[in-house]
Amino acid sequence: MAMETPREREIAAEDSIKVVCRFRPLNDSEEKAGSKFVVKFPAGNDENCISIGGKVYLFDKVFKPNATQDKVYNEAAKSIVTDVLAGYNGTIFAYGQTSSGKTHTMEGVIGDPNKQGIIPRIVNDIFNHIYGMEENLEFHIKVSYFEIYMDKIRDLLDVSKVNLSVHEDKNRVPFVKGATERFVSSPEEVFEVIEEGKSNRHIAVTNMNEHSSRSHSVFLINVKQENLENQKKLSGKLYLVDLAGSEKVSKTGAEGTVLDEAKNINKSLSALGNVISALADGNKTHIPYRDSKLTRILQESLGGNARTTIIICCSPASFNESETKSTLDFGKRAKTIKNVVCVNEELTAEEWKRRYEREKEKVARWKGKVDKLEAELSRWRQGETVKPEEQVSLVEAPDVTTPINVSVEGKLDDSPMPATPGGGLMIGSLSNEERQKLEEERERLYQQLDDKDEEINQQSQYVEKLKEQMDEQEELIASARRDYEQLQQEMNRIQQENESAKEEVKEVLQALEELAVNYDQKSQEVELKNKEQESMTEELLAKQVALNNTASELQQLRDMSAHQRKRIAEMLANFLKDLGEIGVAIGGESNENLKIAPPESNGKLEEEFTVARLFISKMKSEVKNLVQRCQGLESFQVDCNKKVSEYEKDLAESRLLISQHEARMQTLTESMKEADARKRALEEDVDALREECAKLKAAEQVQAVTNKEKAEEKEAATKMRVALEEQMDQLRDAHQKQVAALRDELSEKQELISELKDLNQKFTLAHQQMQADYERLKQEEANKSVKLQELVLLNERREQARKDLKGLEDTVAKELQTLHNLRKLFVQDLQTRIKKTISAEDNEDDGGSLAQKQKISFLENNLDQLTKVHKQLVRDNADLRCELPKLEKRLRATMERIKALETALRDAKEGAMRDRKRYQYEVDRIKEAVRQKNLARRGPSAQIAKPIRAGQHHLSNVNAIRTGNRGLFN
Ligand code: ADP
Ligand code: MG
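What counts and how
Residues numbered from 1 in each chain as written. Chains lettered and ligands numbered in written order. Predicted model: local features only at pLDDT ≥ 70, side-chain atom pairs only at ≥ 80, totals over all residues. Heavy atoms only, no water. Patch = residues over 30% accessible without salt bridge, like charges linked within 9 Å, V, L, I, M, F, W, Y side chains within 5 Å. Areas by Shrake-Rupley, 256 points an atom, 1.4 Å probe, with all protein chains shown as cover. Salt bridge = Lys/Arg side-chain N within 4 Å of Asp/Glu carboxyl O. Helix = DSSP H or I, 4+ residues; strand = E, 2+ residues; numbered from the N terminus. Near = heavy atom within 4 Å. Polar contact = N/O pair within 3.5 Å; in protein donor to acceptor, adjacent residues only side chain to side chain. Nonpolar A, V, L, I, M, F, W, Y, C, P; charged D, E, K, R; others polar. Core = buried A, V, L, I, M, F, W, Y, C linked by side-chain atoms within 4.5 Å. Buried < 20%, exposed > 50% of the residue type's maximum accessible area, 1.4 Å probe, protein only. Contact = heavy atoms within 4.5 Å. Pairing = 2+ DSSP bridges. Axes fitted to C-alpha atoms, helices over the stretch in contact; angles between N-to-C directions. Phe/Tyr/Trp six-rings, centres within 6.5 Å; stacked < 30°, edge-to-face > 60°. pLDDT = per-residue confidence, 0-100. Parallel < 35°, antiparallel > 145°, perpendicular 65-115°, else oblique. Left-handed = near helix turned anticlockwise from the far one by under 90°. Expected span 1.5 Å × (residues − 1).

**Notes on a nonpolar patch on the surface**
Part 1: On the surface, a cluster of nonpolar side chains totalling about 270 Å² of accessible area is made up of Val611, Phe615 and Met619.
Part 2: Along the chain, Phe615 falls in helix H15 (residues 604-705).

**Focus: the site of ligand 1**
Part 1: For ligand 1, the full set of nearby residues is Arg22, Arg24, Pro25, Gln97, Thr98, Ser99, Ser100, Gly101, Lys102, Thr103 and His104.
Part 2: Within the backbone of Ser99, an N or O atom sits 2.6 Å from an oxygen atom of ligand 1.
Part 3: A distance of 3.2 Å separates an oxygen atom of ligand 1 from a polar atom in the backbone of Ser100.
Part 4: Starting from 550 Å² of accessible surface for ligand 1 in isolation, the protein chains cover 64%.
Part 5: No other element matches helix H4 (residues 102-106), which puts three residues into the shell around ligand 1.
Part 6: Split by residue class, the shell around ligand 1 holds one nonpolar, seven polar and three charged.

**Description of the nonpolar core**
Part 1: Core analysis: the biggest nonpolar cluster contains 43 residues, and Leu272, Leu302, Ile310, Ile312 and Leu328 have the highest contact counts within it.
Part 2: When residues in this core are grouped by element, the largest group, six residues, is from helix H9 (residues 256-281).
Part 3: Not counting chain neighbours up to four residues away, the residues in contact with Leu272 comprise Phe93, Tyr95, Leu243, Leu294, Thr295, Leu298, Leu302 and Phe330.

**Examining the pattern of salt bridges**
Part 1: Tallying each qualifying case throughout the model produces 36 salt bridges.
Part 2: Here Glu107 makes a salt bridge to Lys198, at a shortest N to O gap of 3.0 Å. Linking Glu107 in the loop between H4 and helix H5 (118-131) with Lys198 in helix H6 (residues 187-204), this pair joins segments that are 91 residues apart in sequence.
Part 3: Residue classification places Glu107 among the buried positions, given a relative accessible area of 8%.
Part 4: Put simply, Glu359 and Lys362 hold a salt bridge, and the shortest N to O gap is 2.9 Å. Taken together, the residues Glu359 and Lys362, both in helix H12 (residues 349-381) and three residues apart, mark about one turn of the helix.
Part 5: On the basis of relative accessible area, Glu359 is assigned to the partly exposed category, the value being 22%.

**Here's the deal with unusual backbone geometry**
Part 1: Unlike most non-glycine residues, Met150 shows phi in positive territory, near 50°.
Part 2: Summarising the element assignment, Met150 is placed in the loop between strand S8 (137-149) and strand S9 (152-155).
Part 3: A residue is classified by how much of its surface remains accessible, and Met150, at 34% relative accessible area, is partly exposed.
Part 4: A positive phi angle is found at Arg172, which is not glycine, with a value near 65°.
Part 5: The residue Arg172 is located in the loop between strand S10 (165-168) and strand S11 (174-177) in this model.

**Let's talk about the sheet that holds strand S5 (residues 55-58)**
Part 1: If you walk across this open sheet you meet the three strands as S3-S4-S5, and the pairing is antiparallel. Two strands close off the open sheet at either side, each with one partner strand: strand S3 (39-40) and S5.
Part 2: On top of the sheet, helix H11 (residues 321-335) reaches strand S4 (49-52) and S5; it is set at about 40° to S5, its chief contact.

**Structural notes on the packing of aromatic side chains**
Part 1: In this structure the tally under the stated criterion is six aromatic pairs.
Part 2: Here the aromatic rings of Phe127 and Tyr131 are separated by 6.2 Å at their centres, their planes lie at 40°, and the arrangement is tilted. Here Tyr131 and Phe127 lie together in helix H5, a separation of four residues that amounts to about one turn.
Part 3: Classification of Tyr131 by relative accessible area gives buried; the value is 14%.

**Section: the confidence of the model for the protein**
Part 1: Averaged over the protein, the pLDDT score is 82; the fraction of residues at 70 or greater is 85%.
Part 2: Low pLDDT, under 50, characterises residues 399-428; the predicted model gives this stretch 39 contacts beyond four residues in sequence or across chains.

**Details of the packing of H5 against H6**
Part 1: Interhelical geometry of H5 versus H6 gives an angle of 155° and a closest axis separation of 9 Å. Classed by the angle they form, the pair H5 and H6 counts as roughly antiparallel. Once H5 is placed against H6, the crossing between them reads as right-handed. Across from Ile119, Pro120, Val123, Asn124, Phe127 and Tyr131 in H5, the residues of H6 making contact are Pro187, Val190, Phe191 and Ile194.
Part 2: When its residues are assigned to classes, the contact of H5 with H6 shows nine nonpolar, one polar and no charged.

**Structural notes on the pairing of S5**
Part 1: Alignment of S4 against S5, held across four bridges, turns out to be antiparallel. Bridge assignment links Cys49 to a residue of S5, and that residue is Leu58.
Part 2: Here S4 hands over to S5 after two residues, with Gly53 in that stretch at a positive phi of 55°.

**Digging into H5**
Part 1: End to end, H5 covers 20 Å across 14 residues, agreeing with the expected 20 Å (1.5 Å per residue, within 8%).
Part 2: In terms of residue burial, H5 counts as a mostly covered element, since 11 of its 14 residues are buried.
Part 3: Taken as a whole, H5 has its buried residues at Ile118, Ile119, Pro120, Arg121, Ile122, Val123, Asp125, Ile126, Phe127, Ile130 and Tyr131.

As structure tokens, then:
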């Protein structure tokens, strides 16, 4: 703002701050909580009245909850566009508790035609106005976007600027020093800037909602225009402020840093409230703008040169009633503030001249008036009374509408404006000089304050940068460390590989050494063998000599043995002859045997044969015996079978007998039973008769009693009795006889039974015995059959043996025959030899040749063995030779491997070195880049103006370059 223009306050006018009130609808949570709609909108056309809890508030405008964004914009903010384009300052800020709709009102949903708020609509409108204006106007629009959080100004377009300071320009108008300004030439660019700022706000904080409700966001649009025809320059600043929530701390239950934040918010908001109260009071000379950054920034908007609209946002819910009331009170107070607004115009030289003339005239007029007044005053002082007609009119002033002195430099410092902050009137008791001094002192102090602020900002920026650098460096270090570790690991790995390769090489060398040793051993062995071979050949020669000797000896011995045999044969022949003679003399057949013993019986074979023959004869006799026994056994078996059948027959008979006896026994027992029955019947008869007898005796007694009376009858009775007795005796005899007979019969039967029982017993015994016999016989038979089978087998075997024997005999005979033949041949040979030896003493060559042949064969054998050994050795040698190239190859391969590994190691080391160098270089480069960047950051960043020409759409920037050269305002 160094190029702030001196202002013309000629057209300055008092203007009240406009306060509009907007109520949002009940939100979901309020509806859920059952909050009531506590606000009433009294009927009327003005729509400027609301009542809450019986208290009525009047504002410039009241928007009901259903008011659209469009309506709010049109009725509360639209007029400010024309003001700004006409060179006035403007401010719109939204005040209210959190979630009362401030952001909704100011921003809304950018890009949504229905939901977008005041800022996007204003931006669009500004550009649309420009496009519709005269062509000779050129506009430069720049925007800034920053937020105030914890009384620090953070630039939202450059995150490194975290604590900007507020300075005053030469017109004592505060501005945020160092805030990024972006030149924009279209609404889209503005929206891009807003988006950027919002995203930076998001990056800087974790909880956006929390943060946004605790910080004030300020969007500044600076519009400068130049009339290309008359060089008239106008400028207007438009502050669009979304304030932090105005709720009380106690309500949110904030603590700690949150509480600090809340306190700060409340501090700045209460500073705002204090400023507004002070301004509303009207009598206060000091307005505490400097209590907070917010009020400093809004200094011109509150009681200064700005058209200001405050939108107070409220919730209609009963839950928020107290906040709503305090918000409404704030608005009510703000409504009383009066601003003095004037156009910010940069005057041309001619204009200045004109004004100078005008001011000169004014001064002359004032001077005239002062002269007149002085004359009048002197008249009064002289005790004259001046007639009212002669009095100078005090009301009439040369120029009432220009209360401000415009100095040539445009300085307003001395202007005695009661409402302006910079130059407030002190209490009248102070002298002008003192006042001046105090003013100066204050000015100096403010300047110092600003300087300190600036310093703080710079320092904090520096700190921020340093922090960033630190972070970068730390990151670099970390990555370097990581790289280093990786390299170290790589090195370790390579070293390990190298170690293992070395180990391998060692092993291979060892193996090779072993092989060489082996080879040496083998060659030594070969030498040894060769030596052995030589010694063997020597030995062989010696042996051959010995052999020759022995052969000659053998020949001698043979000769001797032949001679002796001859003699023995002769002796034997003689002996046999003698024996034959003895045999003849004895006259036995045994000479046959002796005859067999011919002169050859001197051999062992003969003896063996005889033994064999003896054996054979023995076996023959044995076989014969066995056959006989077999036959005997067979006949015995037949006998046994016969016997068995006989026994079986007997057994059947005795069984029959037994059954007969049993039948008889049954009949006898039955007859016994019958006899018993008869005996019982007879006994019963006897009993009956006895009874009768007793009865009769009784009757007899009775009759004896009555005998006298019946004498006659007695006789008859005696007679009868006699008869009866006779009868009785007869009967008794018969009975007795019968009983005796029966008893006899009984005893007979008893005897018969016992006899039969005995018989039965005997039979059963016999039966049992026979059964046992039968079993035994069966057993025997089984045994016999087993034996028989065995014998049959044995027989078969004997047969086989016999056959074998026969075959043996045959072979033996054949062999004997061959032996005989051989013997014959031998004898013949001997004889021929003997003959030869006898006939030709010279013919010893034959024997020599045989011996030589034998010798040769022996030697050949030896030679064979030796050649075998030699061959074996040669083969071994060849094998070793075959293996040698392989081993050499292996050795070479391992050597190559070692070399490759060594080169790889060297390469890796070199690579590591290179990497390290590269890394160092990279680090240096990055450091350099960082340094450059820092330098660049510190250095001034050139901004390219994007001028916009009125009457043209922003896309056609044909004139842009031309007008761009004209530069910015000064
Ligand atoms: P503040 O910025 O004051 O904290 P917001 O503007 O973020 O509050 O509003 C809070 C919520 O209420 C948002 O979801 C917003 O869409 C909604 N809201 C605010 N005012 C209105 C309105 N007039 N009409 C509809 N919804 C609204
Ligand atoms: Mg908000």
